[in-house]
Amino acid sequence: MTLEVLDRFPRAALMTGPTPLERLDRLSEKLGIDLWIKRDDLSTLSFGGNKNRQLEYYFGAAQAAGADTVLITGAVQSNYARIAAAAAARLGLKAILQLEDRVPGMGETYATSGNVLLGEILDAEFMRYPEGEDEAGADRALRARAEDLRRAGRVPFVIPLGLANPPLGALGYMRAAEEIQRQAPDFDAMVVASGSGLTHAGLLAGVKALGLPTPVFGSCVRRPAADQTARLTEVCARLETLLEIEGLIQPEDIRVWDKALTPGYGRIGEPARTALTTMARHEGLFLDPVYTAKSFAAVLGLVEEGTVAPGTRVLFVHTGGLPAIFAYQEELATGAAVKAEP
Ligand SMILES: *Cc1c(COP(=O)(O)O)cnc(C)c1O
């Protein structure tokens with residue numbers, strides 16, 4: 001199969017071209033593998049990230065429907081919400097961001113800095129949802145708000161989160177698979193964060209559609225391996241339905257790794273902290289605490305446990321999220337500068 005099937009879906013142009021693909025020389029040497037990075041943290045809009053590729057298809061659908069307002073839901077420090085607000089600004093639409101209380105016990109900085117601050121600068125409208133583990137409920141709250149807007153003469157478009165929706169965002173990562181293959185073919189393995197699963201499923205579907213044997217490992221950022229495998233299975237089934245193809249993805253293609261998830265979504269454990277500092281101190285590149293620290297921890301872990309053999313050509317997909325570093329100030333700061341002697 002070719003990726004021409006994607007032409008069927010309307011797409012708003014939020015990417016201005018391919019993101020860089022670079023070799024990480026010092027980390028390659030340290031880990032004994034041939035390590036490359038796909039810089040989707042440099043995708044065009046508002047500090048970049050994987051949601052630019054996903055949102056091209058949601059905003060394409062929104063524009064095709066004549067929408068004047070988009071509604072989206074996510075964690076308080078949602079990169080998805082921030083990039084949706086930026087895309088809305090760029091395309092001349094209004095954005096309503098619903099922030100869910102998904103990470104209990106976080107302080108003032110988490111509630112106000114990073115993506116929240118950027119959303120305010122973008123003049124997004126905010127709503128809150130008190131529950132962080134009820135995707136269907138969060139989507140219902142968005143749809144109720146959309147209904148109110150419709151009655152007031154507006155044309156709202158809901159970007160849903162729950163599983164029971166066509167995974168339009170995954171189409172963006174099928175395109176990314178093709179972009180990667182054009183830039184540097186034939187990786188032995190790819191590693192990416194797996195949250196909603198749209199990025200992971202799309203990349204996997206793109207790799208399979210291109211006829212490549214490359215395994216795609218998803219590092220769990222939201223739920224344990226068994227639950228994430230079930231979710232991916234469902235997302236892939238819905239993606240096949242959307243594309244009107246069958247048998248593209250087999251159960252054995254779904255590979256998840258969850259040893260950096262600890263202590264849970266939006267919280268930094270030792271594997272993630274080590275991954276974040278290792279990347280910064282060897283390559284001068286930053287990872288975010290919620291997603292990419294955990295996906296890069298999977299690269300370190302897969303090498304350490306031998307799943308990825310020495311010499312393997314590995315692609316780490318950097319999915320962005322960098323504004324959240326500043327929201328995790330209290331968790332990440334060492335105080336080294338404050339404590340320095342004259
Ligand atoms: C949303 C997000 C992910 C996870 O992508 P999904 O498609 O939801 O699995 C990974 N990295 C960053 C920075 C994100 O914002």
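Read on for a plain summary of the structure. Bear in mind the structure is a predicted one, so any value in this text is a computation, not a measurement.

### Structural notes on the sheet that holds strand 4 (residues 94-100)
And then number 1: Taken together, four strands build an open sheet; the order of strands is 5-4-3-6 and the sheet is parallel. Single-partner strands in this sheet number two, and they are strand 5 (125-129) and strand 6 (156-159). Sheet twist, expressed as the average angle between the axes of neighbouring strands with direction ignored, equals 25°.
And then number 2: Of the pairings in the sheet, the one linking strand 3 (residues 69-75) to strand 4 comprises seven bridges and is parallel in character. When the sheet's bridge partners are listed, Leu71 is paired in strand 4 with Ile96.
And then number 3: Helix-sheet contacts for helix 6 (residues 135-151) involve strand 3, strand 4, strand 5 and strand 6, and the interaxial angle to strand 3 is about 160°.

### Focus on the site of the ligand
And then number 1: What surrounds the ligand is a group of 15 residues, the closest being Lys51, Gly195, Ser196, Thr199 and Thr319.
And then number 2: Here an oxygen atom of the ligand sits 3.1 Å away from a polar atom, N or O, in the side chain of Asn50.
And then number 3: Side-chain polar atom of Gln54 to an oxygen atom of the ligand: 2.9 Å apart, as the coordinates give it.
And then number 4: For the ligand, the protein covers 96% of the area, taking 380 Å² as the surface of the free molecule.
And then number 5: Put simply, the ligand lies in the largest cavity.
And then number 6: Elements with a minimum of two residues in the shell around the ligand: helix 2 (51-64), strand 7 (189-194) and helix 8 (198-209).
And then number 7: Of the residues contributing to the shell around the ligand, the split by class is three nonpolar, eleven polar and one charged.

### Section: the layout of surface pockets
And then number 1: Taken as a whole, the largest pocket spans an internal volume of roughly 460 Å³.
And then number 2: Where the lining of the largest pocket is concerned, the elements lending two or more residues are helix 5 (114-121), helix 10 (270-283), helix 12 (324-327) and helix 13 (329-332).
And then number 3: The element best represented in the lining of the largest pocket is helix 10, accounting for five residues.
And then number 4: Of the residues assigned to the lining of the largest pocket, the class counts are twelve nonpolar, five polar and two charged.
And then number 5: Looking at the second largest pocket, its volume works out to about 210 Å³.
And then number 6: In this structure, the second largest pocket is lined by 15 residues; those nearest its centre are Arg11, Arg53, Arg175, Glu179 and Arg182.

### A short note on empty space enclosed by the protein
And then number 1: As enumerated under the stated definition, the model contains three cavities of 30 Å³ or more in all.
And then number 2: The space that makes up the largest cavity amounts to roughly 360 Å³.
And then number 3: Looking at side-chain class alone, the lining of the largest cavity contains seven nonpolar, 14 polar and five charged residues.
And then number 4: Taken as a whole, the second largest cavity holds about 140 Å³ of empty space.
And then number 5: The wall of the second largest cavity is formed by 14 residues, among which Leu161, Gly162, Asn165, Pro167 and Leu198 lie closest to the centre.
And then number 6: If you tally residues by element for the lining of the second largest cavity, the top one is helix 9 (residues 225-243), at three residues.
And then number 7: Looking at side-chain class alone, the lining of the second largest cavity contains nine nonpolar, three polar and two charged residues.

### A closer look at helix 10
And then number 1: For helix 10, spanning 14 residues, the distance from its first C-alpha to its last is 20 Å, which sits close to the expected 20 Å at 1.5 Å a residue.
And then number 2: Of the residues making up helix 10, those classed as buried are Ala272, Ala275, Leu276, Thr278 and Met279. An end-on view of helix 10 places all buried positions within 165° of arc, on one side of the element. The outward face of helix 10, more than 90 degrees from its buried face, is lined by the exposed residues Glu270 and Arg281.
And then number 3: As for helix 10, its buried residues are in contact with helix 1 (25-31), strand 2 (34-39), helix 11 (292-304), strand 10 (313-318) and helix 13.
And then number 4: Note on helix 10: the residue one or two positions beyond its end, Gly284, has a positive phi of about 70°.

The rules behind each value
Residues numbered from 1 in each chain as written. Predicted model: local features only at pLDDT ≥ 70, side-chain atom pairs only at ≥ 80, totals over all residues. Heavy atoms only, no water. Pairing = 2+ DSSP bridges. Helix = DSSP H or I, 4+ residues; strand = E, 2+ residues; numbered from the N terminus. Axes fitted to C-alpha atoms, helices over the stretch in contact; angles between N-to-C directions. Contact = heavy atoms within 4.5 Å. Near = heavy atom within 4 Å. Polar contact = N/O pair within 3.5 Å; in protein donor to acceptor, adjacent residues only side chain to side chain. Areas by Shrake-Rupley, 256 points an atom, 1.4 Å probe, with all protein chains shown as cover. 1 Å grid on protein atoms, 1.4 Å probe; cavity = no way out; pocket = protein on both sides within 12 Å on 5 of 7 lines; lining within 4 Å. Sits in = over half its atoms within 2 Å of the grid points. Nonpolar A, V, L, I, M, F, W, Y, C, P; charged D, E, K, R; others polar. Points joined across faces, edges and corners; volume = space filled by probe spheres on them. Expected span 1.5 Å × (residues − 1). Buried < 20%, exposed > 50% of the residue type's maximum accessible area, 1.4 Å probe, protein only. Arc of directions from axis to C-beta.

Keep in mind these values describe shape, not function.
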